[in-house]
Amino acid sequence: MRRFLRDNGQTLAFGALFLGALVGQAFSGLAAVNERNLSEGFDPVGMGDYLTSSEFAVDVAENWQSEYLQFFLFIVATVWLVQRGSPESRDPRSIGRESDEKQQVGSHTTTASPAWARAGGWRTALFSRSLGLTMAALFLLSWLAQFVAGRSAHNIERLASFQDPVGWGGYLTSADFWNRSAQNWQSEFLAIASMTILSVYLRERGSPESKPVGAAHTVTEESG
Amino acid sequence: VKTAAWAVVVVAALSTACGSTSERDAAQVAQEFSTAVAERRFDDACARLAPRARDRIGPSCAAALASLRGGAVRETETWGDESVARAGEHTLFLHEFAAGWLVTGAGCVSRGDQPYQCEVGGP
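Note that the structure is a prediction, hence the values are computed from the model and not measured. (Residues numbered from 1 in each chain as written. Chains lettered and ligands numbered in written order. Predicted model: local features only at pLDDT ≥ 70, side-chain atom pairs only at ≥ 80, totals over all residues. Heavy atoms only, no water.)

Enquirer: Please explain the state of the cysteines as it appears in this structure.
Expert: Working definition: the covalent bond between the sulfur atoms of two cysteines is a disulfide. All names here are of chain B. Using the criterion set out here, one finds 2 disulfides over all chains in the structure. Put simply, Cys46 and Cys61 are joined by a disulfide, and their sulfur atoms are 1.9 Å apart. Taking the torsion about the S-S bond as the criterion, the Cys46 to Cys61 disulfide, at about -105°, is left-handed. One end of the pair, Cys46, is in helix α3 (residues 42-46); the other, Cys61, is in helix α5 (residues 61-65), with 15 residues separating them in the sequence. The same class applies to Cys46 as to Cys61, namely buried. (Disulfide = S-S within 2.5 Å. Helix = DSSP H or I, 4+ residues; strand = E, 2+ residues; numbered from the N terminus. Buried < 20%, exposed > 50% of the residue type's maximum accessible area, 1.4 Å probe, protein only.)

Set out below in structure tokens:
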């Protein structure tokens, strides 16, 4: 048990932080909704109603989609884009998908290689891109959820303000949909850009996201 | 697990968007209000007004509703606890309170991108 906790510490700790933050969002979001309901002369809503509301769903989904977009772009773009000196980057001399030998596929697999890496053909091709494709699928699913829940939340707001609800097309071109999307995207892209460039010049001893403390600023593709 | 979590989010979002029982209830209250106005039963109509709309029309609710025209509700659209109903040439807005649906705006006419202008209640 202890060994399991140690070996899976990252996933478990961040999973627990995720749940804790989601609970915090639920309580603070409910309080915000009920403050507004009170000011408009409406009845307060309970936690059950808030958790199944489109307002809660869109607030969750808009953040999820941007995180998955961030990781999808970071995973795929860093195959070709480099940043000299950053541990987040490939070495500028090895841009691209790399040789079968370096990627341990084709005749270079071992008995410990995953089954689909050894299978060859479409299965190996698909497995070779499975991380990026999964992140892309999760991004599209969560963006779709943001769109569906966002239209509902937006129409509730519009009706409460004595305005007509909007259709799918109207919401697709609405300021609300693109504002929710862009405000989350900009923070993710800023985080990637700053992490990449700051890790060229700054160090965190022992972190795999950092180069060794004594490594030169010009050294790329090395973690410590 | 992630797929299941997303299924929950999508189903929750869709179910919020299509509350059929809620829509029927909102349509029924809109029709009751509109019929009461058409038949000049103003006390019945006033009983279906939301507190804020009622507070704004002063001591004589019946007098404030006298200029409204009733009519058959031909269309309703409900999102969460808000609903809009078209009756005759006018539009009604409703909100679902703990006690049920009540009219927040009546005799409303569109002003394009601006909020509707209502004879009773409204923005």
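Enquirer: Would you mind going over the packing of aromatic side chains with me for this structure?
Expert: How two aromatic rings sit relative to each other is set out by the distance from centre to centre and by the angle between their planes. Residue and element names in this part refer to chain A. Evaluation of the coordinates by the stated rule reveals 16 aromatic pairs over all chains. For the ring pair Trp116 and Trp122, a centre distance of 5.3 Å and an interplane angle of 80° mean the geometry is edge-to-face. Residue classification places Trp116 among the partly exposed residues on the basis of a relative accessible area of 36%. A centroid spacing of 5.6 Å and a plane angle of 35° characterise the contact between Phe147 and Tyr171, whose relative ring orientation is tilted. Residue Phe147 is located in helix α8 (residues 130-160), and its partner Tyr171 is located in helix α9 (residues 168-172); the two are separated by 24 residues in the primary sequence. When its relative accessible area of 13% is taken as the criterion, Phe147 is described as buried. Taking the relative accessible area as the measure of exposure, Tyr171 reaches 0% and is therefore buried. One aromatic cluster in this structure is built from Phe139, Trp143, Phe147, Trp168, Tyr171, Phe177, Trp178 and Trp185. Residue placement shows Arg151 over the ring face of Trp168; its charged tip is 4.2 Å from the ring centre. (Phe/Tyr/Trp six-rings, centres within 6.5 Å; stacked < 30°, edge-to-face > 60°. Lys NZ or Arg CZ within 6 Å of the ring centre and 35° of its normal.)

Enquirer: Where do I start with the interface of chain A and chain B in this structure?
Expert: Reports of interface size often rely on the accessible area that becomes lost once the parts have come together. Across the boundary between the two partners, chain A contributes 28 residues, which contact 30 residues of chain B. Summing both partners gives a buried area of about 2500 Å² for chain A against chain B, and 70% of it is carried by carbon and sulfur. Three residues stand out in chain A for area buried against chain B, namely Phe42(A), Leu159(A) and Phe162(A), and they jointly supply 27% of the buried area on that side. Counting every contact that joins chain A to chain B gives 1 salt bridge. Between Arg86(B) and Asp164(A) there is a salt bridge; the shortest N-O distance is 2.8 Å. The interface formed by chain A and chain B includes 6 residue pairs in polar contact (both at pLDDT 80 or more). For the side of chain A that touches chain B, the elements supplying multiple residues, two or more each, are α4 (54-77) and α8 of chain A. Tallied by class, the residues present in the side of chain A that touches chain B amount to 14 nonpolar, 10 polar and 4 charged. (Contact = heavy atoms within 4.5 Å. Buried area = accessible area lost by both parts, 1.4 Å probe. Salt bridge = Lys/Arg side-chain N within 4 Å of Asp/Glu carboxyl O. Polar contact = N/O pair within 3.5 Å; in protein donor to acceptor, adjacent residues only side chain to side chain. Nonpolar A, V, L, I, M, F, W, Y, C, P; charged D, E, K, R; others polar.)

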